[in-house]
Amino acid sequence: MMTERPYGFPDHQKVNIIIEGMNTCWKEILHMATLQSFARGQVVDQAADGVYLIKEGCLSYSCYLDSGEKRILYFVGRDSLCNEAGCMIHHKDRVSFEFLTDTQAYAFSPRQFMDTDFVRTYPELSINLSQYIIYKRIYLSHFVANLSNNKPITRVAEILFQLYERDNEITISQQDIGNFLGLHLMTVSRALAQLRSENIIGKITKNKFEIFDVEGLADYAAW
């Protein structure tokens, strides 16, 4: 049986910053996983100790540059896998993920991903996993190619708008925004100050996320 195809890019070529709904077919083997809970703000250094299917919540996936500086690469939400690459190649250095909300996730043993009998029994899951890895590759290529394509305020507004669409579930700091977009903290602060001066946003912190003018924010985000 052929597994579902991951969704593609929308017609307007905007890429959602949160990857979700990509691995729903893995729910058929939840009996092989253990349900784990993670607290908002918890940071886990990536290790080859399991692959997680997010049940509820969201996390940010980060790497660390040679300088030690943190860079957020993408966000993972409901019904998508996390840590699959680190598990398969046993890579655990210089990467981590932080839970942006209280999160529940099903943890699968890394042995399952190297077990030929498992692959033969559930070929559709292997196909889905391959599609997922390819999608992430395309996502990151698209994201990197567009890093300097828009003004900083457009890029900042875009991330705020997408997070707002999740019913105010996620809050992130100015530093996180800069880490994700590759912008200096001062540049992020100036963009937020401009949006605030037009009464489009209020406080944007890890504890508070205020959007007053959604349409105005969408206009700046060119969404």
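Within every chain, residues take consecutive numbers counted from 1 along the sequence as written. A pLDDT threshold of at least 70 governs which residues receive local features in this predicted model, and a stricter bar of 80 or more applies before side-chain atom pairs are shown or counted, although totals over entire chains, interfaces and linings include all residues. Only heavy atoms go into the side-chain values, all of them from the structure, while hydrogens and water stay out.

**Overview of the overall build of the protein**
Turning to step 1, where the next piece is worked out: Segments assigned H or I by DSSP are reported as helices when at least four residues long, segments assigned E as strands when at least two residues long, and all are numbered from the N terminus. On a plain count of helices and strands, the protein comes out with seven helices and 11 strands.
Turning to step 2, where the next piece is worked out: When contacts within the protein are restricted to residue pairs at least 6 apart in sequence, those whose partners lie at least 24 apart make up 77%.
Turning to step 3, where the next piece is worked out: When the accessible area of the protein is evaluated, it comes to approximately 11100 Å², of which 52% is carbon and sulfur surface. Should any heavy atoms of two residues lie within 4.5 Å, those residues are considered in contact. Surface exposure here means Shrake-Rupley accessible area, sampled with a 1.4 Å probe, where a residue is shielded only by the protein chains that are shown.

**Side note on the pattern of salt bridges**
Turning to step 1, where the next piece is worked out: The salt bridge definition used is simple: a Lys or Arg side-chain nitrogen within 4 Å of an Asp or Glu carboxyl oxygen. Applying the stated rule across the entire model yields nine salt bridges.
Turning to step 2, where the next piece is worked out: Across the salt bridge formed by Arg78 and Glu56, the nearest N and O atoms sit 3.0 Å from each other. Taken together, the positions of Arg78 in the loop between β6 (70-76) and β7 (81-82) and Glu56 in strand β4 (residues 51-56) put the pair 22 residues apart, joining distant regions of the chain.
Turning to step 3, where the next piece is worked out: Put simply, Lys70 and Glu98 hold a salt bridge, and the shortest N to O gap is 3.5 Å. Here Lys70 is found in strand β6, whereas its partner Glu98 is found in strand β8 (residues 95-99), with 28 residues between them in sequence. The two residues Lys70 and Glu98 agree in class, both being buried.
Turning to step 4, where the next piece is worked out: Here the salt bridges share partners, and the residues they tie into one network are Lys70, Glu98, Asp176 and Lys206. For every residue, the accessible area obtained with a 1.4 Å probe (protein chains only) is divided by the maximum for its type, and the residue is called buried under 20%, exposed over 50%, and partly exposed between those limits.

**Examining the confidence of the model for the protein**
Turning to step 1, where the next piece is worked out: Confidence scores per residue from the predictor, reported as pLDDT, run from 0 to 100. Chain-level statistics for the protein give a pLDDT mean of 85 and a share of 88% at 70 or above.
Turning to step 2, where the next piece is worked out: Looking at the elements of the protein, mean pLDDT is at its lowest for helix α1 (residues 84-89), recorded as 74, and at its highest for helix α6 (residues 185-197), recorded as 95.
Turning to step 3, where the next piece is worked out: Counting contacts from residues 1-12, a segment whose pLDDT is below 50, to residues more than four positions away or on other chains yields 27 contacts.

**A short note on the nonpolar core**
Turning to step 1, where the next piece is worked out: The term nonpolar core refers to a set of buried residues drawn from Ala, Val, Leu, Ile, Met, Phe, Trp, Tyr and Cys, joined through side-chain atoms within 4.5 Å. By size, the foremost hydrophobic cluster in this structure holds 67 residues, and its most contacted members are Trp26 and Leu160.
Turning to step 2, where the next piece is worked out: Considering each element in turn, this core owes the most residues, seven residues, to helix α4 (residues 152-164).

**A few points about unusual backbone geometry**
Turning to step 1, where the next piece is worked out: Its identity as a non-glycine residue notwithstanding, Asp79 has a phi of 60°, on the positive side.
Turning to step 2, where the next piece is worked out: Note on Asp79: relative accessible area 12%, which makes it buried.
Turning to step 3, where the next piece is worked out: Within the chain, Asn199 stands out as a residue other than glycine whose phi angle is a positive 60°.
Turning to step 4, where the next piece is worked out: For Asn199, the location among the structural elements is in the loop between α6 and β10 (201-204).

**Notes on the sheet that holds strand β2 (residues 34-38)**
Turning to step 1, where the next piece is worked out: Read from one edge to the other, the open sheet built from four strands follows the order β2-β9-β4-β7, with strand pairing classed as antiparallel. At either margin of the open sheet sits one strand with a lone partner, and together these are β2 and β7.
Turning to step 2, where the next piece is worked out: Only strands that DSSP links by at least two bridges are regarded as paired with each other. Two strands pair when backbone bridges link them, and β4 and β7 are joined in this way by two bridges, in the antiparallel orientation. Along β7, the bridge assignment pairs Tyr52 with Cys82.

**Looking at helix α7 (residues 214-221)**
One turn of the α-helix equals 3.6 residues, which is why residues spaced by three or four share an orientation.
Turning to step 1, where the next piece is worked out: For α7, the set of buried residues is Gly216, Leu217, Ala218 and Ala221.
Turning to step 2, where the next piece is worked out: On its buried face, α7 sits against α4, α6, β10 and β11 (209-211).
Turning to step 3, where the next piece is worked out: Sitting at the amino-terminal end of α7 is Asp213, which places a side-chain oxygen 3.4 Å from the backbone nitrogen of Glu215.
Turning to step 4, where the next piece is worked out: Looking one or two places after α7, you find Ala222, whose phi comes out positive at around 55°. The term polar contact refers here to a pair of N or O atoms within 3.5 Å; inside protein, the definition further demands a hydrogen-donor-capable atom paired with an acceptor-capable atom, and it admits residues adjacent in sequence only when both atoms are side-chain atoms.

**Quick look at the sheet that holds strand β5 (residues 59-64)**
Turning to step 1, where the next piece is worked out: Taken in spatial order, the five strands make up an open sheet running β1-β6-β5-β8-β3, and their pairing is mixed. Of all strands in the sheet, those with a lone pairing partner are β1 (18-19) and β3 (43-45), marking the two edges.
Turning to step 2, where the next piece is worked out: As paired elements, β1 and β6 share two bridges and run parallel to each other. Its bridge partner lying in β6, Ile19 is registered against Val76.
Turning to step 3, where the next piece is worked out: The sheet strands contacting helix α3 (residues 123-145) are β1 and β6, and the helix crosses β6 at an angle near 130°. Lines fitted to C-alpha atoms define the axes here, with helix axes fitted over just the stretch in contact, and angles between the N-to-C directions of these axes take values from 0 to 180 degrees.

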